[in-house]
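The primary structure of each chain is shown beneath.
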Amino acid sequence: MKRVMFVCKKNSARSQMAEGFATNLGKGKIEVISSGLEASFVRPEAIATMQEIGIDITNQTSKALSDFNAEDFDVVISLCGCGVNLPPEWVMREVFEDWQLDDPAEQPEIFPRVRDEIKERVTALIKSLT
């Protein structure tokens, strides 16, 4: 089973939504976690936007990438263009992608659009890995 790390700047919105989708859509197919270049908190807008479509991420927490080892993951997905700031060992995994999605924290009205983009990309990622 492939292990997937979703990473973003603060692990507060995009990477949290990706973790929620991958946990639900990839159950039994992949193992997934998310982290940030720095830990912060899960944005209430991310929780509410996911609840709108029936996915509960209220128990997810913001975690720092430095708490994990790159060699424990097969796939690393950056959601914010932060790939250039990742230590090289994270970029050199079996699969590395930088999705560069808009930051809904800057524009809360785009949370639903970004959520839907993340769902499409996570769905395609799971298909490519299984």
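Quantities reported herein were computed from a predicted structural model and do not represent experimental measurements.

Parameters at a glance
- Residues numbered from 1 in each chain as written.
- Predicted model: local features only at pLDDT ≥ 70, side-chain atom pairs only at ≥ 80, totals over all residues.
- Heavy atoms only, no water.
- Axes fitted to C-alpha atoms, helices over the stretch in contact; angles between N-to-C directions.
- Helix = DSSP H or I, 4+ residues; strand = E, 2+ residues; numbered from the N terminus.
- Left-handed = near helix turned anticlockwise from the far one by under 90°.
- Contact = heavy atoms within 4.5 Å.
- Nonpolar A, V, L, I, M, F, W, Y, C, P; charged D, E, K, R; others polar.
- Buried < 20%, exposed > 50% of the residue type's maximum accessible area, 1.4 Å probe, protein only.

Caption draft 1: How the structure looks around the packing of helix α2 (residues 44–51) against helix α4 (residues 111–129). At a minimum axis separation of 10 Å, α2 and α4 run at an interaxial angle of 65°. As α2 runs across α4, the sense of the crossing is right-handed. Side by side, α2 and α4 meet where E45, A46, T49 and M50 of the first sit next to F111, P112 and R115 of the second. Considered class by class, the residues forming the contact of α2 with α4 number four nonpolar, one polar and two charged.

Caption draft 2: Just the side chain of Q16, in detail. For Q16, the position within the fold is in helix α1 (residues 14–25). Overall, the relative accessible area of 0% leaves Q16 in the buried class. Those residues within four positions of Q16 in sequence are excluded, and the remaining contacts are N11, S34, V42, I57, Q60, T61, S62 and K63.

Caption draft 3: View of unusual backbone geometry. One non-glycine residue with positive phi stands out, namely N11, at about 55°. Considering the arrangement of structural elements, one finds N11 in the loop between β1 (2–8) and α1. Residue N11 is classed as buried on the basis of its relative accessible area of 0%. Positive phi values are uncommon outside glycine, yet Q100 reaches one of about 50°. In this structure, Q100 sits in the loop between β4 (95–98) and α4.

Scope: geometric values only; no functional claims are made or implied.
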